[in-house]
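Structure assessment
Residue-level listing of the chains:
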Amino acid sequence: MKDIPLEKIDPEVFEAIHQEVDRERSSLVMIASENYASRAVIEAQANVMSNKYAEGYPDKRYYGGCEYVDIVEKLARERVKRLFKAEYVNVQPHSGSQANMAVYFSALKPGDTILGMDLTHGGHLTHGSPVSFSGTLFHSASYGVNRETQTIDFDQVYNRAKTVRPKMIIVGASAYPRAIDFDRFQEIAHEFGAFLMADIAHIAGLVAVDLHPSPVGKADFITSTTHKTLRGPRGGLIISTEEHRQSLNKAIFPGIQGGPFMHIIAAKAVCFKEALMPEFKEYQQQVLANAKVLADELKKFGFNLVSGGTDNHLILINLTSKGLTGLDAETALAKAGIYANKNTIPFEEKSAQITSGLRIGTPALTTRGMKEAEMKIIAELIQKVLHSPDDERGLQNIRSTVSELCRQFPIYEFLNR
Ligand code: DSN
């Protein structure tokens, strides 16, 4: 086997990768679940540990030659324990969905009842949506937000729990801009003898540095992804207590996964090390400050924000009063080099492909060094795009402004061709 560079052996793939690098550099990434992983994380992902089979757990594998992959898995676990003050950690889930699946399989039987947040109110597919395994294998019920405040309706959570008697209550969201009261969820779960699972995929980075209340010690199971506010490689993790060690370990392997992605676990270890550094807290503080300024500026332009604002890294805009759909907005913004996603809003009347909402977030912009001043400029650019979404020439002009702004905040210079 000769060492032929990617560029030579597969110019099409090489080219597409570099086009993606250029896209990420030259546009405003405002999809709330996306981020720019650090150089160290990117480097750690691209390594030969991807060749290694390592079913099992450190020091108890089903294959030989695991001494070096054991080092990275142990480091990753220890660092998560420090970061979240956790007792038990599993860093093997390939994704957030698989982390959730493993928790369900460890604690529930098919047909058991789960109670999660409605997808259109901000919940996640794997929290019981009928189109996901979680809604087909389990009997699922949902709670949502209050129509007036658009914040979680705890009377509804309580009453639904009382009616359906869930074996597990799931808290956590993909499009909920407010802080989550894990204490209240714990009380309700406790009263009805249900397990509590907190999916902190979106807010993990904030939780890690105490800028959002932590569910550790309150929820029986905590799941997360590692690539959103946590800014690591793509993947998932589970946090719990020693009591659930065996059942969770078995649920991941051999329950739902085979060989762990050891190269990704190496990169997760790097991500957790970075998250333990003081700069990570400063980063998360800026993520929040940026989201607040962005929300305030958008409100000045007459945008209607779900729940009236944000406590975290994301903002959900209800576009109904602007006469636009989420799809219209997403499409026009992308032409201007601004990436955000159409999103359902509470009490949504449109399909998930069209939607009445737009979700935007600040994690990626903040990673490239943008601060309050840039948020003000960006709010104005968003306003301009959404005021005239069909003005192709106007969109091209805004595209140029976006490119110039991005040039002032370079990212991934080490990936120059
Ligand atoms: N797709 C993720 C998000 O955008 O929030 C959730 O899985």
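So, how was this worked out
- Residues numbered from 1 in each chain as written.
- Predicted model: local features only at pLDDT ≥ 70, side-chain atom pairs only at ≥ 80, totals over all residues.
- Heavy atoms only, no water.
- Salt bridge = Lys/Arg side-chain N within 4 Å of Asp/Glu carboxyl O.
- Helix = DSSP H or I, 4+ residues; strand = E, 2+ residues; numbered from the N terminus.
- Buried < 20%, exposed > 50% of the residue type's maximum accessible area, 1.4 Å probe, protein only.
- Core = buried A, V, L, I, M, F, W, Y, C linked by side-chain atoms within 4.5 Å.
- Contact = heavy atoms within 4.5 Å.
- Pairing = 2+ DSSP bridges.
- Axes fitted to C-alpha atoms, helices over the stretch in contact; angles between N-to-C directions.
- Near = heavy atom within 4 Å.
- Polar contact = N/O pair within 3.5 Å; in protein donor to acceptor, adjacent residues only side chain to side chain.
- Nonpolar A, V, L, I, M, F, W, Y, C, P; charged D, E, K, R; others polar.

**Quick look at the pattern of salt bridges**
For the coordinates displayed, the defined rule picks out 18 salt bridges. Residue R417 pairs with E15 through a salt bridge whose shortest N-O separation is 3.0 Å. Residue R417 is located in the segment after α16 (392–408), and its partner E15 is located in helix α2 (residues 11–26); the two are separated by 402 residues in the primary sequence. Under the relative-accessibility criterion, R417 is labelled exposed at 58%. Classification of E15 by relative accessible area gives partly exposed; the value is 32%. The shortest N-O distance in the salt bridge between D70 and R61 comes to 2.8 Å. Bridged by salt links that share partners, the residues E15, D22, R25 and R417 form one connected network.

**Topic: the nonpolar core**
Core analysis: the biggest nonpolar cluster contains 67 residues, and F84, I169, F185, I200, L230 and F272 have the highest contact counts within it. Of all the elements, helix α11 (residues 262–275) adds the most residues to this core, at 8 residues. What I169 contacts, discounting residues up to four positions off in sequence, is L115, A161, F185, I188, A189, A194, F195, L196 and M197. Core analysis: the next-biggest nonpolar cluster, separate from the first, contains 35 residues, I315, L319, L324 and L405 among them.

**A short note on the sheet that holds strand β12 (residues 314–318)**
Read from one edge to the other, the open sheet built from 4 strands follows the order β11-β12-β15-β14, with strand pairing classed as antiparallel. The two strands at the open ends of the sheet, each matched to only one other strand, are β11 (304–305) and β14 (341–343). Packed onto the sheet, helix α13 (residues 326–335) meets β14 and β15 (357–361) and runs at close to 45° relative to β15.

**Some remarks on the site of the ligand**
The full set of residues close to the ligand is S33, H124, S174, H202, K228 and R359. Side-chain polar atom of H202 to an oxygen atom of the ligand: 2.7 Å apart, as the coordinates give it. R359 places a side-chain nitrogen or oxygen 2.7 Å from an oxygen atom of the ligand. Classifying every residue of the shell around the ligand by side-chain character gives no nonpolar, 4 polar and 2 charged.

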